[in-house]
Amino acid sequence: MLKIETFNLGPLQTNAYLLTGSEEGKAIIIDPGMNPGPLLKRIANLEIEAILLTHAHFDHMGGVEEIRKLKGCPVYLHDLESEWLGNPKLNGSLNWPQVSPPLSTDPAEYDLAAGQTLNMIGHSFKVYHTPGHSPGSVSFLCGNDLFSGDVLFRMGVGRTDLPGGRERDLIDSIQNILYTFPDEVTVYPGHGPRTTIGYEKQRNPYVSMNS
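For clarity, every value in this text was computed on a predicted model and none was experimentally measured.

Visitor: So what's going on with the overall build of the protein? Which residues, and what values?
Guide: Helices and strands together make up the secondary structure of the protein, namely six helices and 14 strands. Across its three principal directions, the C-alpha atoms of the protein cover 45 × 40 × 25 Å. Classification of the 211 residues of the protein by burial places 53% in the buried group. Considering only contacts in the protein between residues 6 or more positions apart, those separated by 24 or more positions represent 59%. For the protein, the computed accessible surface area is about 9,300 Å², with 49% contributed by carbon and sulfur atoms. Across the protein, 16 positive and 24 negative side-chain charges occur, with their mean positions spaced 5 Å apart.

Spelled out as structure tokens, the structure:
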């Protein structure tokens, strides 16, 4: 059984997810945000198999440097954003000085691509390329648990006015990929509370089934 723990990190309250499975003492992290102190404390006695990034905006990768140095774990990121981790302008941290200092870290060790399956902590994570919020945004599906980054929120969607964002791509990603999943799939977004695919198909004011 997949165990999911949520940490709200940094000034933008980004959801970082710590996932543990059937392999005792092993875990993976999705989107370790800024000011990761509570997460670092929690993983002190865990082996971190990998850091998975839904995308490389600063509020989702702000904790990568500390965790990677502490745990020696690889980072996975879509190759369309391969330069973002080391470029404060691309990851946005240079543009929001009131929120973050310029952030830079080494490139990801592994690229993510649509259709890829990652076998980690005794579970399989299917990778879906879901651009729109950013060009390399991905979502991870493990059983009936979906980690959507900043693509789909409860009663909301990701913004598309940042560099590389495109509204039409975002709508396509949600309607043609995420909304094809069963209604009972639980959505764990990059910000805010979790939801379900069925709930959003019926009630999301931004992207309905017929937009």
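Visitor: Mind laying out the pairing of strand S9 (residues 138–142), listing which residues take part and the relevant values?
Guide: Within S9, five of the five residues are buried, which leaves the element mostly enclosed by the surrounding structure. Burial of the side chains of S9 extends over both faces: Val138, Phe140 and Cys142 are buried on one face and Ser139 and Leu141 on the other. Relative to S9, strand S8 (residues 123–129) is paired through four bridges, and the arrangement is antiparallel. The partner of Lys126 across the bridge, within S9, is Leu141.

Visitor: Describe the packing of aromatic side chains, with residues and values.
Guide: Using the criterion set out here, one finds five aromatic pairs in the structure. Ring centres of Tyr17 and Tyr188 lie 5.7 Å apart, and the angle between their planes is 80 degrees; this geometry places the pair in the edge-to-face category. Note that Tyr17 is positioned in strand S2 (residues 14–20) and Tyr188 in strand S13 (residues 186–189), a separation of 171 residues in sequence. For the pair shown, Tyr17 and Tyr188 are each scored as buried. Through pairs of rings, three or more aromatic residues link up here, namely Tyr17, Phe147 and Tyr188.

Visitor: Kindly report on the nonpolar core, identifying the contributing residues and their values.
Guide: If you look at the biggest cluster of nonpolar residues, it comprises 25 residues, and the most contacted ones within it are Leu18, Leu39, Ile43, Ile48, Leu53 and Ile67. The set of elements that each furnish at least two residues to this core consists of strand S1 (3–9), S2, strand S3 (26–30), helix H1 (37–42), strand S4 (47–52), helix H2 (58–61), helix H3 (64–71) and strand S5 (75–78). For Leu39, the contacting residues outside a window of four places in its chain are Phe7, Leu9, Ala16, Leu18, Ile29, Pro32 and Ile67. Counting 19 residues, the second largest nonpolar core, distinct from the first, contains Leu2, Met120, Phe140 and Cys142.

Visitor: Could you give an account of the side chain of Asp31, with specific residues and numbers?
Guide: Within the secondary structure layout, Asp31 lies in the loop between S3 and H1. One buried charged side chain, Asp31, makes no salt bridge at all; its nearest oppositely charged neighbour is Arg68, positioned 13 Å away. Looking at Asp31, its side chain comes within polar contact range of the side chain of His60, at 2.9 Å. Contact partners of Asp31, with chain neighbours within four places excluded, come to Asn15, Ala16, Leu52, Leu53, Thr54, His55, His60 and Gly149.

Visitor: Residue-level account of the sheet that holds S5, with values.
Guide: With respect to topology, six strands assemble into an open sheet ordered S1-S2-S3-S4-S5-S6, the strand pairing being mixed. If you trace the sheet from one side to the other, it starts and ends with S1 and strand S6 (110–112), each paired once. Neighbour-to-neighbour, the strand axes of the sheet open up by a mean angle of 25 degrees, direction not taken into account. Looking at chain direction, S1 and S2 are connected through seven bridges and run antiparallel. In the sheet register, Lys3 faces S2, and the bridge partner there is Thr20.

Visitor: Let's hear about the sheet that holds strand S14 (residues 195–196): which residues, and what values?
Guide: By way of backbone hydrogen bonds, the strands of a sheet pair with one another, either parallel or antiparallel. Ordered by their spatial adjacency, six strands build an open sheet running S7-S8-S9-S10-S13-S14, and the pairing between neighbours is mixed. Every interior strand has two partners, whereas the edge strands, strand S7 (117–120) and S14, have only one. Across three bridges, S9 lies against strand S10 (residues 145–149) in antiparallel orientation. By the bridge assignment, Leu141 is partnered in S10 with Leu146.

Conventions used here
- Residues numbered from 1 in each chain as written.
- Predicted model: local features only at pLDDT ≥ 70, side-chain atom pairs only at ≥ 80, totals over all residues.
- Heavy atoms only, no water.
- Helix = DSSP H or I, 4+ residues; strand = E, 2+ residues; numbered from the N terminus.
- Buried < 20%, exposed > 50% of the residue type's maximum accessible area, 1.4 Å probe, protein only.
- Contact = heavy atoms within 4.5 Å.
- Areas by Shrake-Rupley, 256 points an atom, 1.4 Å probe, with all protein chains shown as cover.
- Lys, Arg positive; Asp, Glu negative; His and termini not counted.
- Charge placed at Lys NZ, Arg CZ, Asp CG, Glu CD.
- Pairing = 2+ DSSP bridges.
- Phe/Tyr/Trp six-rings, centres within 6.5 Å; stacked < 30°, edge-to-face > 60°.
- Core = buried A, V, L, I, M, F, W, Y, C linked by side-chain atoms within 4.5 Å.
- Salt bridge = Lys/Arg side-chain N within 4 Å of Asp/Glu carboxyl O.
- Polar contact = N/O pair within 3.5 Å; in protein donor to acceptor, adjacent residues only side chain to side chain.
- Axes fitted to C-alpha atoms, helices over the stretch in contact; angles between N-to-C directions.

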